[in-house]
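The residues making up each chain are set out below.
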Amino acid sequence: ALFTLCASFTLGVTGLALHRTHLLSALLCLEGMMLTLFLFTSIWSKQLEALMYLSLPMFLLTFSACEAGAGLALMVATTRTHGTDHLKTLNLLQC
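Criteria and thresholds
Along each chain, numbering runs from 1 in the same order as the chain's sequence is written. Restriction of local features to residues with pLDDT of at least 70 applies here, the model being predicted, together with a cutoff of 80 or more for giving and counting side-chain atom pairs; totals for whole chains, interfaces and linings are based on all residues. Remark: hydrogens and water are excluded; side-chain values derive from all non-hydrogen atoms of the structure. We count a stretch as a helix when DSSP gives it H or I for four or more residues in a row; a strand needs E for two or more, and each element gets its number in order from the N terminus. For each residue, the accessible area found with a 1.4 Å probe, counting protein chains only, is set against the maximum for its type, and the residue is called buried under 20%, exposed over 50%, and partly exposed in between. As a rule, the C-alpha atoms of each element are fitted with a line to give its axis, helices using only the stretch in contact, and angles between N-to-C directions run from 0 to 180 degrees. Any angle that falls under 35 degrees is termed roughly parallel, while one over 145 is termed roughly antiparallel, one within 65 to 115 roughly perpendicular, and all others oblique. Helix crossings fall into two classes, left-handed where the near helix is turned counterclockwise from the far one by less than a right angle and right-handed where it is turned clockwise. Contacts are residue-level and defined by heavy atoms, with any inter-residue pair within 4.5 Å sufficient. Basically, the charged four are Asp, Glu, Lys and Arg, the nonpolar ten are Ala, Val, Leu, Ile, Met, Phe, Trp, Tyr, Cys and Pro, and anything else, Gly included, counts as polar. Residue count minus one, scaled by 1.5 Å, sets the expected span of a helix. UniProt positions are given in the numbering used here, feature names are shortened, and annotations may be inferred rather than shown by experiment.

With that settled, consider the environment of W44. Looking at the element boundaries, W44 is found in helix α2 (residues 23-48). Classification of W44 as partly exposed rests on a relative accessible area of 33%. Each C-alpha atom of the pair W44 and L54 lies 9.3 Å from the other, and the pair is 10 residues apart in sequence.

It is worth spelling out the packing of helix α1 (residues 2-18) against α2 at this point. Put simply, α1 and α2 touch, their axes get as near as 8 Å, and they point 160° apart. Considering their axes alone, α1 and α2 lie roughly antiparallel with respect to each other. Here the hand of the crossing between α1 and α2 comes out left-handed. Contact residues: L2, L5, S8, F9, G12, V13, G15 and L16 in α1; A26, C29, L30, M33, T36, L37, L39, F40 and I43 in α2. When grouped by side-chain class, the residues that make up the contact of α1 with α2 number 13 nonpolar, 4 polar and no charged.

The terminal C-alpha atoms of α2, which comprises 26 residues, lie 37 Å apart, in line with the 38 Å expected from a rise of 1.5 Å per residue. Restricting attention to buried positions, one finds in α2 the residues L23, S25, A26, L27, C29, M33, M34, T36, F38, T41 and S45. Packed against the buried residues of α2 are α1 and α3 (56-82). Taken from the residues just after α2, E49 is the one with a positive phi, measuring 55°.

Bringing the UniProt feature "transmembrane region" (unreviewed entry) in the protein chain into the picture now. Under the UniProt annotation, the feature "transmembrane region" (unreviewed entry) is placed at residues 23-44 and 50-77. This span, residues 50-77, is 79% helix and 0% strand, and a straight line between its end C-alpha atoms measures 43 Å.

Here is the structure:
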């Protein structure tokens, strides 16, 4: 189980590092990494059986949902202003 979680997190990192054409694919890689971290903290807190760590996965899932909402809002805003979600056409000096 640990190898599967590490491999899926590594796959998300390499997808984010190597396949950066669209903003939506970058957001999907980030969401996959956050879901992997959620599964890892869920399994970790279940194995520890400590009451203080049981709320950690829910905080992480809440943070992941907020990150996804902010990312989608940024993607809609960039698509409206630039006409595309290609990351290579975005320039911080133009915004």
